[in-house]
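Each chain, written out:
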Amino acid sequence: MSVSAPMADGGVVVAEQVRLPDGSRAECPAAPLLAGSLQREEVPVGSAVLAAPPPGQEATAQALWLPLPADNGNGAPAERTAPAEAPSPTAALALATADAAALPTARSTLTAWAMAVRPRTVLLAAPRSFCAGVERAIEVVERALARRPPDSGPVYVRKQIVHNKHVVRRLEERGAVFVDELDQVPRGAMVVFSAHGVSPQVRQEAEARGLKVIDATCPLVTKVHHEALRFARRGDTVVLIGHAGHEEIEGTLGEAPERTVLVETPQDVADLEVEDPERVSYLTQTTLAMEETTQIIAALKKRFPSLRGPGSEDICYATTNRQHALEAIARQVDVVLVVGSGNSSNSMRLVELAGRAGVPAHLIDGVGDIEPHWIADAHRIGLTAGASAPPALVDEVVAALGGLGPVQVHEHRTAVEDVYFAPPKEVRA
Ligand code: SF4
């Protein structure tokens, strides 16, 4: 195989297209899968249009090529790595390298993905991806960036605006500056609070530093803050069910720290010591697993029969809908892929939910994280995304899977979402 673009210094070039001897081109939709595998092996990766060898001629030792005709998918890997017999395959996997050190990795990568070539069905859980709170938070930063006067300095954002690295990177590219704490923000500057909310202590610090605050806290998180205050003011011990260290929990705990205790498991409930067992109420993080939370609430009710809870459940509509949607497809698939970042609570809960249904499940930040052995034998793949994961990432996964053979996509919808949260007044038109 010759290479029609300059080879990177060392490393491997992954074909984004293959130019065939008859002048036509084969697409390489699975290129991001190969690139991801190589990057995990710390091999530098480039992309280019590569030229296929003429019919009957083997690829060179430095170039590896796997044609995928339209009806591909059931041959053995050995057959699939042979030179093209069909003159114009519709798709291909191809790599090239001038780097002898990288050749074994390139070869093993292509072989591993060759094993994953087959026709498949993808079951898309719906709803999935962005919720109203995440869309609002992103919109707040975008509007703040668009409206800042030219010489007013950057827009600072305390913590990740939502728990997704792609969203954060895109906003950084547009000029947002993400900080961990407010002491990293210059006095008087503009700062956005993330969708997960902040404690009153953070608000006080912002005021003391003269910061111009735009609050992107999800209204459903704010609702939990108000409940925490209300329950604490009536003298209850407030049992907050959630995960220690999560930003939402830190913010909610801060509303009434002297009256609030955190529990994460039914065992924590057994160990609880409260001032007055007749005056106990509970709240939950918005992004918990419904099943586990139900168990913890049941344990609380058993220990404290007078337990009082929120007027309506705190686990939000988006978390609930995404869990129901995945539950509906989990037992029909061989493997589940959840698009989302590792610090996204609701994405992690989706992975756990699939695991409880007995299906192997993997969290991926993007298409490049998929490992070939996860899906090599999978005829049916379940695909969903956490509430902070952009929908385009799901589309990229579907497109890449289409580069491993014909894919039938079926969406299974269990709810229609029409929730919209207006942006705060500071950035309204
Ligand atoms: S997951 Fe729920 S609580 Fe969190 S931002 Fe989305 S709607 Fe709001």
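Since we're looking at a predicted model, the values are computed, not measured.

To continue, consider the overall build of the protein chain. Counting its regular elements, the protein chain contains 14 helices and 18 strands. In terms of principal-axis extent, the alpha carbons of the protein chain reach across some 85 × 55 × 40 Å. Burial status across the protein chain gives 54% buried among its 429 residues. Counting contacts in the protein chain only where the partners sit at least 6 residues apart, residues at least 24 apart contribute 78% of the total. Of the accessible surface of the protein chain, which amounts to about 18,400 Å², a share of 51% is contributed by carbon and sulfur atoms. The protein chain carries 40 positive and 54 negative side-chain charges, and their two centres are separated by 6 Å.

Note on placement: Glu-142 falls in helix H4 (residues 132-147). Judged by its relative accessible area of 23%, Glu-142 is partly exposed. Separated by 10 residues in the primary sequence, Glu-142 and Ala-132 place their C-alpha atoms 15 Å from one another. Beyond its immediate chain neighbours, meaning those up to four positions away, Glu-142 contacts Arg-170, Leu-171 and Arg-174.

It is worth spelling out the packing of helix H1 (residues 31-40) against helix H3 (residues 103-114) at this point. The interhelical angle for the contact between H1 and H3, taken along N-to-C directions, is 135°, at an axis separation of 10 Å. Relative to H3, the element H1 lies oblique. The handedness of the crossing between H1 and H3 is right-handed. Contacts between H1 and H3 pair Leu-33, Leu-34, Ser-37 and Leu-38 from the former with Thr-105, Ala-106, Thr-109, Leu-110 and Trp-113 from the latter. Looking at the contact of H1 with H3 residue by residue, the class counts come to six nonpolar, three polar and no charged.

Within the largest apolar cluster, 59 residues are counted, with the highest numbers of intra-cluster contacts made by Val-18, Leu-93, Ile-370, Ile-375 and Leu-404. Structurally, this core is a two-domain feature, drawing no fewer than three residues from each of domain 1 (2-117) and domain 2 (122-129 + 317-413). Apart from residues lying up to four places away in sequence, Ile-370 is in contact with Leu-33, Arg-40, Trp-113, Leu-337, Ile-364, Ile-375 and Val-397. With 26 residues, the next largest nonpolar core counts Phe-130, Leu-145, Val-157 and Leu-171 among its residues.

How big an interface is tends to be stated in terms of the accessible area lost upon association of its parts. In terms of domain boundaries, the protein chain breaks down into domain 1 (2-117), domain 2 (122-129 + 317-413) and domain 3 (220-303). Each partner contributes to the interface: domain 1 provides 16 residues, whereas domain 2 provides 14 residues. In total, domain 1 and domain 2 occlude about 1,200 Å² of area from one another, counting both sides; carbon and sulfur atoms represent 67% of this. Interface area lost by domain 1 to domain 2 is led by Leu-33, Arg-40 and Trp-113, which between them contribute 39%. Summed over the shared surface of domain 1 and domain 2, the result is one salt bridge. Residue Glu-371 is joined to Arg-40 by a salt bridge in which the shortest nitrogen-to-oxygen separation is 3.9 Å. Between domain 1 and domain 2 we count two residue pairs in polar contact (both at pLDDT 80 or more) in total.

Conventions used here
- Residues numbered from 1 in each chain as written.
- Predicted model: local features only at pLDDT ≥ 70, side-chain atom pairs only at ≥ 80, totals over all residues.
- Heavy atoms only, no water.
- Helix = DSSP H or I, 4+ residues; strand = E, 2+ residues; numbered from the N terminus.
- Buried < 20%, exposed > 50% of the residue type's maximum accessible area, 1.4 Å probe, protein only.
- Contact = heavy atoms within 4.5 Å.
- Areas by Shrake-Rupley, 256 points an atom, 1.4 Å probe, with all protein chains shown as cover.
- Lys, Arg positive; Asp, Glu negative; His and termini not counted.
- Charge placed at Lys NZ, Arg CZ, Asp CG, Glu CD.
- Axes fitted to C-alpha atoms, helices over the stretch in contact; angles between N-to-C directions.
- Parallel < 35°, antiparallel > 145°, perpendicular 65-115°, else oblique.
- Left-handed = near helix turned anticlockwise from the far one by under 90°.
- Nonpolar A, V, L, I, M, F, W, Y, C, P; charged D, E, K, R; others polar.
- Core = buried A, V, L, I, M, F, W, Y, C linked by side-chain atoms within 4.5 Å.
- Domains from an automatic or database assignment.
- Buried area = accessible area lost by both parts, 1.4 Å probe.
- Salt bridge = Lys/Arg side-chain N within 4 Å of Asp/Glu carboxyl O.
- Polar contact = N/O pair within 3.5 Å; in protein donor to acceptor, adjacent residues only side chain to side chain.

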